[in-house]
Amino acid sequence: QAKQVSRDTYVFHTPEMIERVNTRVEIEKDLRHAIEREEFLLYYQPRIDLVTGRITGLESLIRWQHPSKGLVMPGNFIDVAEASGLIVPMGEWALDTACRQTQAWRKRGLIDFPVAVNVSIAQLKRKTFVQSVETILRRYELPASSIEIEITESLLLEDADLFARQIRDLKDLGLFIAIDDFGTRYSNLNYLKKLPVDTLKIDQSFVHDIDRTASDAAICRSIIALAQNLNLRTVGEGVERYSELAYLRQFGCDDMQGFLLCRPQPQELIERQLNRTFDLHGQASEVGEILT
Ligand code: C2E
Ligand code: MG
Ligand code: MG
Ligand code: MG
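Residues numbered from 1 in each chain as written. Chains lettered and ligands numbered in written order. Predicted model: local features only at pLDDT ≥ 70, side-chain atom pairs only at ≥ 80, totals over all residues. Heavy atoms only, no water.

K.L.:
Explain the side chain of Thr97 residue by residue, including any values.
P.N.:
Looking at where Thr97 falls in the secondary structure, it is placed in helix 3 (residues 87–107). Judged by its relative accessible area of 11%, Thr97 is buried. Not counting the four nearest positions on each side in its chain, Thr97 is found in contact with Leu42 and Tyr44. (Helix = DSSP H or I, 4+ residues; strand = E, 2+ residues; numbered from the N terminus. Buried < 20%, exposed > 50% of the residue type's maximum accessible area, 1.4 Å probe, protein only. Contact = heavy atoms within 4.5 Å.)

Given below as structure tokens:
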């Protein structure tokens, strides 16, 4: 098929290409509506202390309640949201919603730990970002220390100076700062020295099978040692088996996050978990056995 792009330019598309382009365009169009109609919701997943079994934080994770497709996971739309700039209003919605929920839980005395919000590069790039965080905190009368901002490592390598400034401003306000998916990008440890980071979240690709893969174990152990020397807290992400949990604890990792102990859940379900002490020594080895 030939399609006329401008008066004398023809571009040839294979059917697959048309499909792919339509899909992205469709998602973007859908996303615009979704933002207007507020079709998003937040799930929450606990971060659990590997010594006490108590919750030390909750990570908010966006979901899209699509009118015909059902619950859509962020892996299916975050890329499009970032490429189209729609991540900015979407991220603002997520931050506002997480803060409103945090205020409600704190008022009921249900939490005394921070709630984490994932922030993407397009949000942090904007000069007004820190200001908007401040405005939202004030709106809900929240201390800044009740919120943690999770930033992926890739983001820090793009324009180090601009981001360093934004992160320092967030830290000056009193927010906690976590580096997400740590270890997955080209290593530039320089920012760890320069930035006021509180937490390193070890990427799940290293945690998964840490008990069966010597190189993963070596990487996790090294990240934990590095973090300890820099006085940072560590979180092992994506823990699905007790044996993985045992390795992390043995290496001195502070917290875990993973399907093994608690999946991300909507507000009304996670509320019932908030005061639990989780069992860190279970015998079950498969995720399915311990989900309830
Ligand atoms: P992330 O921030 O690294 O979040 C952790 C992801 O790992 C979540 O996927 C979570 O459901 C999943 N996970 C937790 N435990 C396990 C486990 O034991 N096994 C496995 N296989 N996975 C586990 P989710 O919710 O699909 O989110 C994917 C990514 O989308 C997030 O990765 C984050 O980068 C992005 N994201 C989610 N919510 C937001 C948001 O509100 N704003 C922005 N900008 N990005 C978001
Ligand atoms: Mg995260
Ligand atoms: Mg991660
Ligand atoms: Mg692995």
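K.L.:
Residues and numbers for the site of ligand 1, please.
P.N.:
The environment of ligand 1 is made up of 24 residues, and the closest members are Arg63, Asn118, Asp180, Glu240 and Phe259. Between Ile62 and ligand 1, the recorded distance is 3.0 Å, taken from a backbone N or O atom to a nitrogen atom. Val239 is positioned with one of its backbone polar atoms (N or O) 3.4 Å from an oxygen atom of ligand 1. Protein contacts shield 83% of the accessible area of ligand 1, which totals 810 Å² for the unbound molecule. In the shell around ligand 1, the residues fall into ten nonpolar, seven polar and seven charged. (Near = heavy atom within 4 Å. Polar contact = N/O pair within 3.5 Å; in protein donor to acceptor, adjacent residues only side chain to side chain. Areas by Shrake-Rupley, 256 points an atom, 1.4 Å probe, with all protein chains shown as cover. Nonpolar A, V, L, I, M, F, W, Y, C, P; charged D, E, K, R; others polar.)

K.L.:
Talk me through the coordination of the magnesium ion (ligand 2); I want residue IDs and the actual numbers.
P.N.:
Glu59 (OE), Asn118 (OD1), Glu150 (OE) and Asp180 (OD) make up the full set of protein donors to the magnesium ion (ligand 2), lying at 2.0 to 2.2 Å. The distance between the magnesium ion (ligand 2) and the magnesium ion (ligand 3) is 4.4 Å, with Asp180 acting as a donor to both metals. On the criterion of sequence distance, the pair formed by Asn118 in strand 6 (residues 115–119) and Glu150 in strand 7 (residues 147–152) is long-range, its members being 32 residues apart. (Donors = N, O, S within 2.8 Å, 3.2 Å for Na, K, Ca; no water.)

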